Amino acid sequence: MTGTIDLTNLLLSGLAGSIAGAVFPGIALLREGRTNTLRMISEFDSIEWYRSRAKAFALTEKHPNKQYNEADFNASEGADELWAMVNYYRTISLLVEGGAWWKPSSWWQVQSDPSVRGVGQTFVWWYFVAFKPNLIGMQDDWDVKRSIQSLYEWIAKNARNDDFARWQAAGEAERERIAPSRTTPPSQLDTSNIQSQVV
């Protein structure tokens with residue numbers, strides 16, 4: 001009888017160890033993802049990053065049609081800040097791809113998801129103002145282009161539709177303001193509901 005109890009205890013211990021071995025790494029990854037997400041959102045909301053984005057925007061506004069691979073563009077004031085921001089978003093893209101960026105798993109969490117909303121509004125605005133025409137549109141095949149496009153697709157898939165539509169409209173309106181297309185005269189743009197200069 002004692003042998004049977006010992007065998008049962010051994011089997012239950014092994015089963016518990018297997019379950020713990022499968023669950024604890026998942027919990028650690030979730031905790032790491034939340035930490036990464038909150039740390040990077042907090043960093044991005046700092047005054048230093050705001051000043052950096054303002055310099056990057058001044059450069060974008062001054063040279064709205066310059067490609068990011070042009071030497072004179074990269075020698076301009078604000079280029080370092082612009083590339084720091086591009087690489088910041090590239091890092092987020094890599095964290096998302098590697099599963100180390102927090103993403104809520106339930107419907108109620110998605111409605112107030114800081115992992116998307118914390119970076120989504122500003123990223124989507126920048127995507128339409130500058131990244132899409134000046135980085136994604138380059139002929140050069142750079143890894144950073146794929147990372148920026150991948151992050152855009154992830155946000156488009158995971159953001160609430162009404163949020164994403166607002167972010168996109170704001171970015172497109174700002175792009176039209178700094179680099180008017182020939183198809184829409186500025187006087188015909190409806191910007192009454194658009195938050196200008198998200199930066």
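All residue numbers refer to position in the chain's written sequence, counted from 1. In keeping with the model being predicted, local features are shown solely for residues with a pLDDT of at least 70 and side-chain atom pairs are shown and tallied solely at 80 or more, while totals for entire chains, interfaces and linings include all residues. To obtain the side-chain values, all non-hydrogen atoms of the structure were used and water was disregarded.

Asker: What is the right way to look at the pattern of salt bridges in this model?
Answerer: Side-chain pairs of opposite charge can arise where the charged atoms are in close proximity. For salt bridges, the criterion is a side-chain nitrogen of Lys or Arg within 4 Å of an Asp or Glu carboxyl oxygen. In total, this model carries 10 salt bridges according to the counting rule given. The salt bridge involving Asp-162 is made with Arg-160; its shortest N-O contact spans 3.2 Å. With relative accessibility at 28%, the residue Arg-160 sits in the partly exposed group. Between Arg-166 and Asp-163 there is a salt bridge, with the nearest N and O atoms lying 2.4 Å from each other. A residue pair is termed a helical-turn pair when its members lie 3 or 4 positions apart in one helix, as Arg-166 and Asp-163 do in helix H8 (residues 161–178) at three residues. Judged by relative accessible area, which is 3%, Asp-163 ranks as buried. Note on exposure labels: buried denotes an accessible area under 20% of the residue type's maximum, exposed denotes more than 50%, and partly exposed covers the range between, all computed with a 1.4 Å probe on protein chains only. Put simply, DSSP H or I for four residues or longer makes a helix, DSSP E for two residues or longer makes a strand, and each gets a number counted from the N terminus.

Asker: Explain the nonpolar core here, please?
Answerer: A general trend in soluble globular proteins is that nonpolar side chains are found buried together. Counting residues in hydrophobic clusters, the biggest one holds 45 residues, and the most contacted among them are Tyr-68, Tyr-89, Phe-123, Phe-131 and Ile-155. Of all the secondary structure elements, the ones that give two or more residues to this core are helix H1 (2–44), helix H2 (47–62), helix H4 (79–97), helix H6 (114–136), helix H7 (143–158) and H8. The element best represented in this core is H6, accounting for 12 residues. Residue contacts for Ile-155: discarding those within four places in its chain leaves Val-116, Val-119, Gly-120, Phe-123, Val-124, Phe-164 and Trp-167. To qualify as a nonpolar core, a set must consist of buried Ala, Val, Leu, Ile, Met, Phe, Trp, Tyr and Cys residues joined through side-chain atoms within 4.5 Å. In this analysis, two residues are considered to be in contact whenever any of their non-hydrogen atoms come within 4.5 Å of each other.

Asker: Teacher, can you tell me more about the confidence of the model for the protein here?
Answerer: Note: predicted coordinates in regions of low pLDDT should not be interpreted at a detailed level. Residue-level confidence of the predictor is summarised by pLDDT, bounded by 0 at the bottom and 100 at the top. Across the protein, pLDDT averages 78, with 67% of residues at or above 70. Here helix H5 (residues 107–110) stands out as the element of the protein with the lowest mean pLDDT, 44, in contrast to H8, whose mean of 95 is the highest. Low pLDDT, under 50, characterises residues 18–30; the stretch is placed with four contacts to residues that sit more than four places away or in other chains.

Asker: Even after reading the chapter, I still don't get the packing of aromatic side chains, so can you show me in this structure?
Answerer: Given two aromatic rings, their pairing is described by the distance between the two centres and the angle made by the two planes. Geometry of aromatic contacts follows a simple scheme: Phe, Tyr and Trp rings, the Trp one being its six-membered ring, pair when their centres are within 6.5 Å, and the pair is stacked under 30 degrees between planes, edge-to-face over 60, tilted otherwise. Overall, the coordinates contain 20 aromatic pairs when judged by the stated rule. Taking 5.3 Å as the distance between ring centres and 10° as the angle between the ring planes, the aromatic pair formed by Tyr-68 and Phe-73 counts as stacked. Its relative accessible area of 1% is what places Tyr-68 among the buried residues. In this structure Phe-73 comes out as buried when scored by relative accessible area, which is 1%. Measuring from centroid to centroid gives 5.4 Å for Tyr-88 and Tyr-89, while their planes differ by 75°, and the two rings are edge-to-face. For Tyr-88, a relative accessible area of 4% gives the class buried.

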